[in-house]
Amino acid sequence: MTRFSLMQTPAPPGVGESCLRRQLPRHDCEACVTVCPVQAITATATTPTLNALDCLQCGRCLFVCPADALQNIRPETRHFTASTLVAPFSTLAPSVDELLMWHQQHGIRAVEMELEAFPGWVRAVAALNIRLRALNTPAWQILPPRQKAINTARRHFIKASEVDVQSTTVSIGRRARRQAFSALSEYQLSLDQAQCTVCGACARVCGERALSLGEGALTFSSSSCTGCNSCAVVCPVNAVRIDRQLGDNRVLRFSWRQKTCRCCQREFYTFSDKVERCFICLRHTYDMREA
Ligand code: SF4
Ligand code: SF4
Ligand code: SF4
C-alpha cells in the first residue's frame, strides 16, 4: 500500500518537455514569458526557465501555451451562480484568455462585484468585451453585489438561492480554446507556392493536424490551427507564414503535381505548371547539374 505523507511538499511549477522551444531548437515561442505578470519565466536560447520562487500561481501562462507545457500550475478556481461570476474574487485579475473560456465553457455573461474594490477585474472585463465584440458575441456586464461574499463556513445561514454557488476551473491551453470556439478561426496560413518544395516538414510537425500533406495536395484547416508557428519554424525555405486573424473557418487546398526536371531528370514536386526545373537545379547555374 502506498503511504502519503501529509507533509509532502507540492512539486514546483516548471516547463515540461512538450515546450516548443525544447522540441524545436529554432523555435522562439515567448507566449508564457510575455503574459507572466512577475517575469517568473525567462526564455534562454533553448529552453524557458520558470523561477518557482517568483511564480504567483496565477495561471496566466497556462492559457497561452500552445503545447500545454507548463507543469504543476493550476488555473484559479472561481465561483459562479447561473451565468454570473460571484465572490470571492482573486486579488489578481484574470486574463482575457481565461475569461473567454468562462464565457464559452460555462456561459458566464456577468460579474457581480463592487467596481471600486477590483479595478483590475473591471479592466479585464472591458478588454474581454472588446474581444467579444470582434467575435460578434454579447458583452459581459458588471452587476452590483446582491449579497456579501459567500462564506462557505456559514453556509447554513445562507438562503437557498445563495447556496447555488458552484466552484470550478476552466480548460487551459490554446487547443482547448480552439475546441471551445470551433466555429471561428484565430489563425490563417499564407503559403508562398513559388518557394514551397512540398517537402512536407510543416505537416509532419503540426501536432494539431491543421496541416496535412495528402495525395496531390497540401491542406490547411484553419479551425484546428493554434498558431504555434512550428510549421513556419521548420520550413527550410520560409514558404509558410501564420498570422493571427479572426475569421470564418477555411480549408485551403494547395494542389501539387509531380514533374521531371528538365535539367537533372530527377522527379520533383511543384504547385506550378510552368516550372520545368527542380528546386536544386534552379539554385545552380544552368546545366551545372545536368543528368
Ligand atoms: S503562474 Fe503566473 S506568475 Fe507563475 S509563471 Fe505563470 S504567469 Fe507567471
Ligand atoms: S508558451 Fe509553452 S511552448 Fe511557448 S515557450 Fe512557454 S512553455 Fe514553451
Ligand atoms: S498549422 Fe502551423 S501554426 Fe497551425 S497548429 Fe499546425 S504547426 Fe501550429
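Residues numbered from 1 in each chain as written. Chains lettered and ligands numbered in written order. Predicted model: local features only at pLDDT ≥ 70, side-chain atom pairs only at ≥ 80, totals over all residues. Heavy atoms only, no water.

## Re the overall build of the chain
So, point 1. The helix and strand tally for the chain stands at 10 helices and 16 strands.
So, point 2. For the chain, the proportion of its 291 residues judged to be buried stands at 43%.
So, point 3. In the chain, once contacts between residues fewer than 6 apart in sequence are set aside, the share between residues at least 24 apart is 66%. (Helix = DSSP H or I, 4+ residues; strand = E, 2+ residues; numbered from the N terminus. Buried < 20%, exposed > 50% of the residue type's maximum accessible area, 1.4 Å probe, protein only. Contact = heavy atoms within 4.5 Å.)

## A short note on the sheet that holds strand E9 (residues 166–168)
So, point 1. Across the sheet, which stays open at both edges, the five strands sit in the order E8-E7-E6-E5-E9 with mixed pairing between neighbours. Of all the strands in the sheet, just strand E8 (141–143) and E9 have a single pairing partner and so form its edges. Across the sheet, the mean angle from the axis of one strand to that of its neighbour is 35 degrees, orientation sign disregarded.
So, point 2. Of the pairings in the sheet, the one linking strand E5 (residues 78–81) to strand E6 (residues 84–86) comprises three bridges and is antiparallel in character. Directly across from Thr81, in E6, lies its bridge partner Thr84.
So, point 3. Contacts from helix H4 (residues 96–105) reach E5, E6 and E9 within the one sheet, and its direction differs from that of E5 by about 35 degrees. (Pairing = 2+ DSSP bridges. Axes fitted to C-alpha atoms, helices over the stretch in contact; angles between N-to-C directions.)

## Observations concerning the packing of H4 against helix H5 (residues 119–134)
So, point 1. Direction vectors running N to C along H4 and H5 enclose 65 degrees, while the axes themselves pass 9 Å from each other. The handedness of the crossing between H4 and H5 comes out as right-handed. Residue-level contacts link Val96, Asp97, Leu99, Leu100 and His103 of H4 to Ala124, Val125, Ala127, Leu128, Arg131 and Leu132 of H5. (Left-handed = near helix turned anticlockwise from the far one by under 90°.)

## Examining the confidence of the model for the chain
So, point 1. Scored by pLDDT, the chain has a mean of 90; 89% of the residues are at 70 or more.
So, point 2. Highest mean pLDDT in the chain belongs to helix H9 (residues 230–234) (98); lowest belongs to helix H6 (residues 160–163) (51).
So, point 3. Of the regions scoring below 50 in pLDDT, residues 155–160 engages in six contacts with residues more than four places distant in sequence or in other chains. (pLDDT = per-residue confidence, 0-100.)

## Thoughts on the site of ligand 3
So, point 1. Taken together, Cys206, Glu208, Ala210, Leu211, Phe220, Cys225, Thr226, Gly227, Cys228, Asn229, Cys231 and Ile242 form the complete shell of residues around ligand 3.
So, point 2. Grouping the constituent residues of the shell around ligand 3 by class yields eight nonpolar, three polar and one charged. (Near = heavy atom within 4 Å. Nonpolar A, V, L, I, M, F, W, Y, C, P; charged D, E, K, R; others polar.)

## Section: the site of ligand 1
So, point 1. What surrounds ligand 1 is a group of 14 residues, the closest being Cys36, Cys55, Leu56, Cys58 and Cys61.
So, point 2. Residue composition of the shell around ligand 1, by class: 11 nonpolar, two polar and one charged.

## What to know about the packing of aromatic side chains
So, point 1. With the rule as written, the count across this model stands at six aromatic pairs.
So, point 2. Ring centres 6.3 Å apart and planes at 85 degrees place the aromatic pair Phe268 and Phe279 in the edge-to-face group. Of this pair, Phe268 sits in strand E16 (residues 267–270) while Phe279 sits in helix H10 (residues 279–282); the two residues are 11 residues apart in sequence, bridging distant segments of the chain. Just as Phe268 is buried, Phe279 falls in that class too.
So, point 3. Members of the aromatic cluster, each reached through a chain of ring pairs, are Phe89, Phe118 and Trp121. (Phe/Tyr/Trp six-rings, centres within 6.5 Å; stacked < 30°, edge-to-face > 60°.)

## Some remarks on the side chain of Arg21
So, point 1. Within the secondary structure layout, Arg21 lies in helix H1 (residues 20–23).
So, point 2. Within the buried set, Arg21 has no salt-bridge partner at all; the shortest N-O distance to an opposite charge, 4.2 Å, is to Glu30.
So, point 3. At 2.7 Å, the side chain of Arg21 and the backbone oxygen of Cys29 are in polar contact.
So, point 4. The residues touching Arg21, leaving out its near neighbours within four places in the chain, are His27, Asp28, Cys29, Glu30, Ala43, Thr44, Ala45, Thr46, Thr47 and Pro48. (Lys, Arg positive; Asp, Glu negative; His and termini not counted. Salt bridge = Lys/Arg side-chain N within 4 Å of Asp/Glu carboxyl O. Polar contact = N/O pair within 3.5 Å; in protein donor to acceptor, adjacent residues only side chain to side chain.)

## Here we look at the environment of Ala217
So, point 1. Inspection of the secondary structure assignment puts Ala217 in strand E12 (residues 217–221).
So, point 2. The exposure class assigned to Ala217 is buried, which follows from its relative accessible area of 2%.
So, point 3. The sequence separation of Ala217 and Val198 amounts to 19 residues, and the corresponding C-alpha distance is 9.1 Å.
So, point 4. The contact partners of Ala217, leaving out residues within four places of it in the chain, are Ser212, Arg253, Phe254, Ser255 and Trp256.

## Focus on the sheet that holds E12
So, point 1. Read across the sheet, three strands follow the order E11-E12-E14 without closing on themselves; strand pairing throughout is antiparallel. What marks the edges here is a single partner per strand, and that holds for strand E11 (211–214) and strand E14 (251–255). Ignoring which end each strand starts from, the neighbouring axes of this sheet average 15 degrees apart.
So, point 2. Relative to E14, E12 runs antiparallel, the two being bridged by five bridges. The residue of E14 that forms the bridge with Ser221 is Val251.

## Side note on the nonpolar core
So, point 1. Residues Leu70, Leu85, Val111 and Trp140 are the most contacted members of the largest nonpolar core, which totals 41 residues.
So, point 2. For this core, the secondary structure elements donating two or more residues are helix H3 (60–64), H4 and H5.
So, point 3. Counting contributing residues per domain, this core is built from domain 1 (14–71) and domain 2 (78–176), each supplying no fewer than three.
So, point 4. Residues contacting Trp140, with those up to four places away along its chain left out, are Leu85, Leu99, Trp102, His103, Ile108, Arg109, Ala110, Val111, Val125, Leu128, Asn129 and Leu132.
So, point 5. Grouped together as the second largest cluster of nonpolar side chains are 23 residues, Tyr187, Cys206, Val237 and Ile242 included. (Core = buried A, V, L, I, M, F, W, Y, C linked by side-chain atoms within 4.5 Å. Domains from an automatic or database assignment.)

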